[in-house]
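# Notes for the structure review
Residue strings, one per chain:
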Amino acid sequence: MIAITCNEDLRLLAQRRVPRAIFDYVDRGSYDEATLRANRADLDAIKLRQRVMIDVSKRSLAAGFVGQPSTMPVALAPTGLGGILHADGEIHAARAALAFGVPYTLSTLSICSLEAVRAAVQKPFWFQLYVMRDRDFAASLIERAKAAQCSALVLTADLQIQGQRHRDIKNGLSVPPRLTLANALDIAGKPQWALAMLRTKHRNFGNLIGHLKVKQDLTTLAQWIASQFDPTLSWKDVAWVRSLWPGKLIVKGILDATDAQYAADAGADAIVVSNHGGRQLDGAPSTIAALPHIVATVGDRIEVLFDGGVRSGQDVFKALALGARGVMIGKAFMYGLGALGEAGVTRALELIRNELDVSMALTGTCDVRDIGRHALWTNA
Ligand SMILES: Cc1cc2nc3c(=O)[nH]c(=O)nc-3n(C[C@H](O)[C@H](O)[C@H](O)COP(=O)(O)O)c2cc1C
């Protein structure tokens, strides 16, 4: 196997190992994918300021999120269906993140349940909540997150209605998968993936199964989810969640400074500047373009985290330089998971850590907390 030297290597390996419909589910964005592309292009356009002859022999990447220590300012973003990308995927990803010393966020729409992940790891993780129409179910998820000793609740605000990913429809990515000849041939070409999926007992929406008064087969649960995203959601619901959850609350999916202020008013401890990785409102700006104004507006009231397009330590550096306190990665770790399971997620994190560390050294930065706008190049 060739040496894995960058996140793109993990992406290409995942593409070879995972059925195409599932790889595309991870890789692609909504509609014309303009926002998906902007997330990457706008990060690429930012340049770092090279500095020399500064003693950078002692460097520290240690950081913290919502008062919790982390070995670097990077956390794993919530991602649904991790357990179909790789058998027991959420358990693998959680183990890798927590061993690395960075937060892991379990999605409401995970395959492995809150309880299964809790039983498999020694340290607390974060739980991401979709507030569904069925508020009793949402409240019960919060109780289960408390029972699992989750150390933060991440409330996702940008999915009141689902954006469309053309590829998912064309590929027949439904739950359960639509068995077309193309899908069958594709799966037959991915025997390692298929065998592992046959062996695991986690093949359904783990947080839903056994907790709803509907039929428990995959099709019914998938239909239930689709009918449960709630266009009526408002800041009142955030206040309601706040009243039920005494721990750290992070509101994810903020792209506008006014919304950031409302999140702070609702009692959130942090926000994630996010456009769902270009999977929701196509035509929205990149998150890196939106970040500075949001930091300027609420940065003194609330912790501002960031995600969208981050594939390298250099990208993490740029987001920190523009005021983010920490960065979440979605696709970057999912590629690792699809490529090599737990080892692939660890590799994704190692690559980012090494790139961030070298970028710090070459910009004359010894402490990750000192990264600021001064570390970006301007043509002045
Ligand atoms: C495959 C996939 C599934 C996702 N599922 C969820 C989810 O269940 N809940 C959520 O809040 N965000 C979800 N997201 C969005 C991520 O949390 C994050 O905002 C996004 O991936 C960041 O962009 P990046 O992938 O470029 O790093 C998902 C993203 C991907 C790629």
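The paragraphs below set out a description of the structure included in this document. Along each chain, the written sequence defines residue order, and numbers are assigned to residues from 1. Owing to the predicted nature of the model, reporting of local features is limited to residues with pLDDT of at least 70; listing and counting of side-chain atom pairs is limited to 80 or more, with chain, interface and lining totals taken over all residues. The side-chain values count all of the structure's non-hydrogen atoms but skip hydrogen atoms and water molecules.

A few words now on the environment of T363. Every helix listed is a DSSP run of H or I at least four residues long, and every strand listed is a run of E at least two residues long, numbered separately from the N terminus. Note on placement: T363 falls in the segment after α17 (342-362). Residue class for T363 comes out buried when judged on its relative accessible area of 9%. Separated by 307 residues in the primary sequence, T363 and V56 have C-alpha atoms spaced 9.2 Å apart. Look past the residues within four positions of T363 in its chain and what remains in contact with it is L48, R49, R51, F317 and A375. Within the local environment of T363, its side chain forms a polar contact with the side chain of T365, the two groups lying 2.9 Å apart. Three exposure classes are used, based on accessible area relative to the maximum for each residue type with a 1.4 Å probe and protein chains only: buried under 20%, partly exposed in between, and exposed over 50%. Contact between two residues is taken to exist if any of their heavy atoms lie within 4.5 Å; hydrogens are not considered. Nitrogen and oxygen atoms within 3.5 Å of one another constitute a polar contact, given that in protein one can donate a hydrogen and the other can accept it, and given that sequence-neighbouring residues count only through two side-chain atoms.

A molecule or strand has a residue near it when one of that residue's heavy atoms lies within 4 Å. For the ligand, the set of nearby residues contains 23 residues, the closest of which are P78, S107, T156, D307 and G309. Separating an oxygen atom of the ligand from a side-chain N or O atom of S107 is a distance of 2.7 Å. Contact distances for the ligand include 2.6 Å between an oxygen atom and a side-chain N or O atom of T156. Burial of the ligand by the protein amounts to 98% of the accessible area it has alone, namely 600 Å². With respect to the detected pockets, the ligand is housed in the largest pocket. Within the residue set of the shell around the ligand, elements represented by two or more residues are α2 (20-27) and α16 (331-340). Just so you know the grouping, Ala, Val, Leu, Ile, Met, Phe, Trp, Tyr, Cys and Pro go in nonpolar, Asp, Glu, Lys and Arg go in charged, and all remaining residues, Gly too, go in polar. Looking at the shell around the ligand, its residues break down into seven nonpolar, 11 polar and five charged. Reported accessibility uses the Shrake-Rupley method at a 1.4 Å probe radius. Residues are deemed covered only where the shown protein chains occlude them. A 1.4 Å probe that fits into a set of points on a 1 Å grid over the protein atoms alone but cannot get out defines a cavity; an open set with protein on both sides within 12 Å along at least five of seven lines defines a pocket, and lining residues are those with an atom within 4 Å of a point. Assignment to a cavity or pocket requires that more than half of a molecule's atoms be within 2 Å of the site's grid points.

To continue, consider the sheet that holds strand β10 (residues 326-329). Reading across from one edge, β3-β10-β9-β8-β7-β6-β5-β4 is the order of the eight strands in this open sheet, with parallel pairing throughout. At either end of the open sheet lies a strand with only one pairing partner, and these are β3 (74-76) and β4 (105-106). Any two strands with at least two DSSP bridges between them are considered paired. Pairing of β3 with β10 involves three bridges; the strand directions are parallel. Across the sheet, the residue bridging to A75 is M328, located in β10. The strands touched by helix α12 (residues 235-244) are β5 (126-129), β6 (152-156) and β7 (248-254); relative to β7, the strand with the most contacts, the crossing angle is about 155°. Every axis corresponds to a line fitted to the C-alpha atoms, with the helix fit spanning only the stretch in contact, and the corresponding angles, defined between N-to-C directions, vary from 0 to 180 degrees.

These figures capture arrangement, not role.
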